[in-house]
Amino acid sequence: MVMRNPFDKNRPPKLLFEAYLLFYVSLILLFGYLSPLAFSVVLTAFAIIIVLEPVAGWLIHKRRMRFVLAHALTLIVFFSCVLLLFAFLVPSTLKEAGGFFRFVEDFFGKRRWETFFQLRPETKELLSPTIDKIYPKLLSFFESFVSGLQKSSMTLLNFIFYVVLVTAYWTFFFPTFKKSILHLFPKTTTEEARRFLRELYHQLKRYLSSLILVATFVGIVIGIFLLIIGSQYALILGFWGFFTNFIPIVGVALELIPLLILCFSLGIGKSVALLVLISIVHPVAFIMFLNLMKGVVQLNPVVIILLILVCSQLFGIVGSLIAVPVGIMFRVYWRSFIVPRLSA
């Protein structure tokens, strides 16, 4: 049996576009696997551009600004805010990170957690073996995290530099880029390509915008609350809450670990207040996310967890961040190509 060439231009437009699409996606994933830093730079720049695009569009249409001026102003304001946050928050956050690491080390290493169960010795005996097993792993995680930050400081600076550079240049050519991408596909598939890419772009744009708003909301609420109750780790745990909420489902569990450890040092009243806040802020954030994501394809939580596992194995931390966008792309592909084929 002779296998037909999938790139034969005489094939039906939908099938031909599907073949090219799978080929390009494979190339992108291979690029990410072989060059993770460059892949991360491109993805970050792309995310910044599509999130800032509505702001620049508002300036163009509502304030009658020219394209170049609107996008330049948007970029200047955005990167200025990021620079100010880095200048004022990063030194304090790193200092708090070191303090929180020492707190965790003392809390478990010197067994200070046992003082909370003096009236319940049976509970202490029950928890002791489990904590003795968890503590070395938790300490190892914090040590590797801090060590990784120190070792990757130069890489991080390179990453930031190239993100700013790529974003600045790509922003002004982005409309041209969106039109030119159609030329990667045969002319007979232009309508199929335009329809699919437009829907995918809309879905990713809504997802990223919603995710940033929800992550910012959670990070700010947690940080402000910890500041109000007098915790010295408000900045680091607020930032941690912001960052981990970029990883759906799994990120919430990662966010809660240091917060629950912190509860042991706050006293009963403040610990209960923090737990109540957590139990309120995440349902509110979830409702916000659902409302912002109306009309966008939904992914099963089990599928999200599996995608995070697979993508993080292939691409590291970046993989855990792109897992859901990859899932959205696959869902749009499934709905556009597989479902009609199965229904035929």
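Quick caveat, the model's predicted, so the values are computed rather than measured.

Colleague: Can you walk me through the packing of helix 10 (residues 301-315) against helix 11 (residues 317-343) in this structure?
Modeller: A pair of packed helices is characterised by two quantities: the angle between their axes and the separation of those axes. Where helix 10 meets helix 11, the closest approach of the two axes is 7 Å, and the angle between their N-to-C directions is 135°. It follows that helix 10 is oblique to helix 11 by the angle criterion. Two packed elements cross with a definite hand, and for helix 10 against helix 11 that hand is right-handed. Residues Ile304, Leu307, Ile308, Cys311, Ser312 and Phe315 of helix 10 form the contact with helix 11, whose own contacting residues are Ile317, Val318, Gly319, Ser320, Ile322, Ala323, Val324 and Gly327. The class makeup of the residues in the contact of helix 10 with helix 11 is 10 nonpolar, four polar and no charged.

Colleague: Explanation requested: unusual backbone geometry in the structure shown.
Modeller: Peptide bonds are, in most cases, trans, and in most cases residues other than glycine have a negative phi. In the Ramachandran plot, Arg64 falls in the positive-phi region, its phi being about 55° despite a non-glycine side chain. Looking at where Arg64 falls in the secondary structure, it is placed in the loop between helix 2 (36-62) and helix 3 (67-109). On the accessibility criterion, Arg64 (71% relative accessible area) is exposed.

Colleague: Would you explain the packing of aromatic side chains in this entry?
Modeller: Each aromatic ring pair is specified by the distance between its two centres and by the angle formed by the two planes. Counted by the stated rule, this structure contains 24 aromatic pairs. Taking the centre distance of 6.3 Å and the plane angle of 40° together, the rings of Phe330 and Tyr333 count as tilted. Of the two residues, Phe330 and Tyr333 both sit in helix 11, three residues apart, roughly one turn of that helix. Tyr333 gets classed as buried once you look at its relative accessible area, which sits at 11%.

Colleague: I keep staring at the side chain of Ser336 and nothing clicks. Help me out?
Modeller: By the secondary structure assignment, Ser336 is in helix 11. According to the relative accessible area criterion, Ser336 is buried, its value standing at 18%. With sequence-adjacent residues up to four places away left out, Ser336 is seen in contact with Lys14, Phe196 and Glu199.

Colleague: Looking at this structure, I do not really get the nonpolar core. What am I missing?
Modeller: Side chains of a nonpolar character, in soluble globular proteins, are inclined to be buried together. Among the nonpolar cores identified, the biggest contains 62 residues, and Phe196, Tyr207, Leu226, Leu237 and Leu274 are the most heavily contacted of them. A per-element tally of this core places helix 6 (residues 190-228) first, with 15 residues. Setting aside residues up to four positions removed in sequence, Leu237 forms contacts with Phe100, Ile222, Leu226, Pro258, Leu259 and Leu262. Membership of the second largest hydrophobic core comes to six residues, among which are Ile48, Leu52, Leu75 and Val163.

Colleague: How do you make sense of the packing of helix 2 against helix 6 when you look at a structure like this?
Modeller: Running from amino to carboxyl end, helix 2 crosses helix 6 at an angle of 90°, the nearest separation of the two axes being 10 Å. It follows from the interaxial angle that helix 2 and helix 6 lie roughly perpendicular. Contacts from Phe46, Ala47, Ile50, Val51, Glu53 and Pro54 in helix 2 reach Tyr201, Leu204, Lys205, Leu208, Ser209 and Ile212 in helix 6. Tallied by class, residues from the contact of helix 2 with helix 6 come to nine nonpolar, one polar and two charged.

Colleague: How should the confidence of the model for the chain be read in this particular structure?
Modeller: Low pLDDT means the predicted atomic positions in that stretch should not be read closely. Here the chain shows a mean pLDDT of 82. Residues at 70 or above account for 88%. When pLDDT is averaged over each element of the chain, helix 6 comes out on top at 91 and helix 4 (residues 121-151) at the bottom at 68.

Colleague: Sorry if this is basic, but what is going on with the environment of Arg198 here?
Modeller: Mapped onto the elements, Arg198 comes out in helix 6. You can call Arg198 exposed: its relative accessible area is 55%. Considering only alpha carbons, one finds Arg198 and Lys178, 20 residues apart in sequence, at a separation of 9.4 Å.

Colleague: Would you mind showing me how to read the pattern of salt bridges here?
Modeller: Charged atoms that come close allow side chains of opposite charge to pair. The final tally for this structure, using the stated rule, is six salt bridges. The residue Glu199 makes a salt bridge to Arg335 at a minimum N-O spacing of 2.1 Å. Taken together, the positions of Glu199 in helix 6 and Arg335 in helix 11 put the pair 136 residues apart, joining distant regions of the chain. Classification of Glu199 by relative accessible area gives partly exposed; the value is 22%. Each of Glu53, Lys178 and Lys205 takes part in a single network of salt bridges with overlapping partners.

Colleague: How do you make sense of helix 10 when you look at a structure like this?
Modeller: One turn of an α-helix holds 3.6 residues; hence residues three or four places apart share an orientation. Relative to the 21 Å expected for 15 residues at 1.5 Å per residue, helix 10 spans 21 Å between its end C-alpha atoms, a close match to the ideal helical length. Buried residues in helix 10 make contact with helix 1 (13-34), helix 8 (250-266) and helix 11. Immediately beyond the C-terminal end of helix 10, within one or two residues, lies Gly316, with a positive phi of roughly 75°.

About the cut-offs
- Residues numbered from 1 in each chain as written.
- Predicted model: local features only at pLDDT ≥ 70, side-chain atom pairs only at ≥ 80, totals over all residues.
- Heavy atoms only, no water.
- Axes fitted to C-alpha atoms, helices over the stretch in contact; angles between N-to-C directions.
- Helix = DSSP H or I, 4+ residues; strand = E, 2+ residues; numbered from the N terminus.
- Parallel < 35°, antiparallel > 145°, perpendicular 65-115°, else oblique.
- Left-handed = near helix turned anticlockwise from the far one by under 90°.
- Contact = heavy atoms within 4.5 Å.
- Nonpolar A, V, L, I, M, F, W, Y, C, P; charged D, E, K, R; others polar.
- Buried < 20%, exposed > 50% of the residue type's maximum accessible area, 1.4 Å probe, protein only.
- Phe/Tyr/Trp six-rings, centres within 6.5 Å; stacked < 30°, edge-to-face > 60°.
- Core = buried A, V, L, I, M, F, W, Y, C linked by side-chain atoms within 4.5 Å.
- pLDDT = per-residue confidence, 0-100.
- Salt bridge = Lys/Arg side-chain N within 4 Å of Asp/Glu carboxyl O.
- Expected span 1.5 Å × (residues − 1).

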